[in-house]
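Structural overview
If you want the building blocks of each chain, they are given just below.
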Amino acid sequence: MVVDPPKADIKGLVTVNPTASGGPELGTGEDTSATASGCCGSWDQVRRCLRANLLVLLTVVAVVTGVGLGLGVSAAGGTVNLAAFAFPGELLLRLLKMIILPLVVCSLIGGAASLDPSALGRVGAWALLFFLVTTILASALGVGLALVLQPGTAVSTAVNSSVDATGVPNLGCEVEGMNILGLVVFAIIFGVALRKLGPDGELLICFFNSFNDATMVLVSWIMWYAPVGILFLVASQILEMEDVGQLFIDLGKYILCCLLGHAIHGLLVLPLLYFVFTRKNPYPFLWGIMTPLATAFGTSSSSATLPLMMKCVEENNGVAKHISRFILPIGATVNMDGAALFQCVAAVFIAQRNGLPLDFVKIITILVTATASSVGAAGIPAGGVLTLAIILEAVSLPVKDISLILAVDWLVDRSCTVLNVEGDAFGAGLLQNYVDRTKLQNSEPELIQVKSEVPLNPLPATIEEGNPLLKQYRGPAGDATSCEKESVM
């Protein structure tokens, strides 16, 4: 009897060469397919990771290439047309300046018009107040650290439009620029006025929101051109520098100042505020959100971290869903502690490198502009650099030095994002505690009212009623008072 060979493997078993005993050796086809699928899966993960971080990788490559190009051209000697060499970088700066006006006006008008106190209620008002306080504290901390640590060293360059040949600051160049602070104030007041119009202002509010969305599309296009501009900006900066080593030292001190400020604000200031308002240990709460904090560092986007942050604060820290899903999206939009701190440090750093003094009025302008502009900063990678250009214009600092900030922004921006999402989570936890205390206070009057509704008639004696050795018999007239007691003993 001849048995037909199997047409297909059964349960993933395949026949290999016969063994020494003459029987077939069985192997599993699933292992080979699993290995192949595992390799494909790993390659897919690598491709997705590269695609997600492509802009960051291109920026790092552009910085390294720009440093090499600048050092190579400088070592080769000869005459270089600096204006032509730096043209791609100058184009990036012009694009950033072009986007400042619509970015400020549309984002702040739309943001101010969407904040309806009657719709937000008391909880939303407390959230906005908490986010505003933390942003102001972060801005003040950034300015204070930069003024104390002095990360920027005044240098002389081959081309410096802010300082003349005698070394005296050129005041005529210093006062150039648009009135950013005035635009910020006008945009906020105009947004509130549109909200007061009610239904008549909805059409214009939708217009500014759509205008802001279109501006964000332009921002994304500009950021994809940024690596090319950064390459030539860094190279031209190195060609202008007389002491390249001092440039790297200053950038290292700038990074250290930003990271130190983020650590102080994230590990001391925010936990201290949480403890003051809740009287609870803030560090177990902080431990419960370590996963979204690590995700924020990896993605450099507070908006991308939002779903994971909602999950962790609800499951690990006991925040109600209706609170987390109301507060965290607001925080991802208006709470930018890390961005405000880094922008203040960067503004003071650029002023110090150009030898421009900062008086009290300019410091206040930096604080106000950083706080207001960080509210409208996009929750995307390198969104804070765009608003940094607004601050530099507000205090008449050279926008061309933003190339130094862009060169190291791939690292600093990740630390900013971690601080931003941490502030959002602490705000949600603080408001959860506020809601719990409010419910507890509202429940006390109800208990008092229930007690007052109890009838005031005297209760009958419970000792005799509960005595199993006595029986009660009513009198002939059925009067409850003329009852006889008889012992059952």
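Looking at an unreviewed UniProt entry, one finds the protein chain named Amino acid transporter, with Nannospalax galili as its source organism. What the UniProt record of the protein chain gives under Sequence similarities (unreviewed entry) is the line "Belongs to the dicarboxylate/amino acid:cation symporter (DAACS) (TC 2.A.23) family."

Here's the deal with the pattern of salt bridges
Tallying each qualifying case throughout the model produces five salt bridges. Asp250 serves as the salt-bridge partner of Arg353, at 2.8 Å between the closest nitrogen and oxygen. A residue pair is termed long-range when its members are at least 10 positions apart, and Arg353 in helix H14 (residues 337–353) and Asp250 in helix H9 (residues 244–278) qualify at 103 residues. In this structure, the salt-bridge partner of Arg325 is Glu314, at a minimum N-O distance of 3.2 Å. With Arg325 in helix H13 (residues 321–334) and Glu314 in helix H12 (residues 302–315), this residue pair connects regions lying 11 residues apart in the sequence.

A look at unusual backbone geometry
Its identity as a non-glycine residue notwithstanding, Gln150 has a phi of 50°, on the positive side. Along the chain, Gln150 turns up in the loop between helix H5 (117–149) and helix H6 (171–174). Phi at Arg279 takes a positive value of approximately 60°, unusual for a residue other than glycine. As for its placement among the helices and strands, Arg279 is situated in the loop between H9 and helix H10 (282–287).

Description of H12
Between its first and last C-alpha, H12 extends 20 Å over 14 residues, near the 20 Å set by a 1.5 Å rise per residue. Along H12, the sharpest change in direction is near 35° and occurs at Leu308.

A look at the nonpolar core
Among the nonpolar cores identified, the biggest contains 74 residues, and Tyr254, Phe342, Ile366 and Ile405 are the most heavily contacted of them. For this core, the element with the most residues is helix H4 (residues 87–114), which contributes 12 residues. If we ignore the near neighbours within four places in the chain, the residues touching Tyr254 are Pro151, Phe342, Val345, Ala346, Phe349, Ile405, Val408 and Val412. One finds Ala127, Phe285, Val421 and Ala425 within the second-largest nonpolar core, a separate group that totals 31 residues.

Here's the deal with the environment of Ala193
Checked against the element boundaries, Ala193 lands in helix H7 (residues 180–196). Expressed as a C-alpha distance, the spacing of Ala193 and Ile109, which sit 84 residues apart in the sequence, is 9.6 Å.

Some remarks on the packing of helix H11 (residues 290–299) against H12
Packed helix pairs are characterised by how far apart their axes lie and by the angle those axes make with each other. Relative orientation of the contacting elements H11 and H12 amounts to 175°, with a least axis distance of 9 Å. The angle between the axes of H11 and H12 places the two elements in the roughly antiparallel class. Only Ala304, Thr305, Leu308, Met309 and Cys312 of H12 make contact with H11, whose side of the interface consists of Thr291, Pro292, Thr295, Ala296 and Thr299. Considering only residue class, the contact of H11 with H12 consists of six nonpolar, four polar and no charged.

Thresholds applied
Residues numbered from 1 in each chain as written. Predicted model: local features only at pLDDT ≥ 70, side-chain atom pairs only at ≥ 80, totals over all residues. Heavy atoms only, no water. UniProt positions renumbered as here; feature names shortened; annotations may be inferred. Salt bridge = Lys/Arg side-chain N within 4 Å of Asp/Glu carboxyl O. Helix = DSSP H or I, 4+ residues; strand = E, 2+ residues; numbered from the N terminus. Expected span 1.5 Å × (residues − 1). Bend = angle between axes of the 7 residues up to and from the residue. Core = buried A, V, L, I, M, F, W, Y, C linked by side-chain atoms within 4.5 Å. Buried < 20%, exposed > 50% of the residue type's maximum accessible area, 1.4 Å probe, protein only. Contact = heavy atoms within 4.5 Å. Axes fitted to C-alpha atoms, helices over the stretch in contact; angles between N-to-C directions. Parallel < 35°, antiparallel > 145°, perpendicular 65-115°, else oblique. Nonpolar A, V, L, I, M, F, W, Y, C, P; charged D, E, K, R; others polar.

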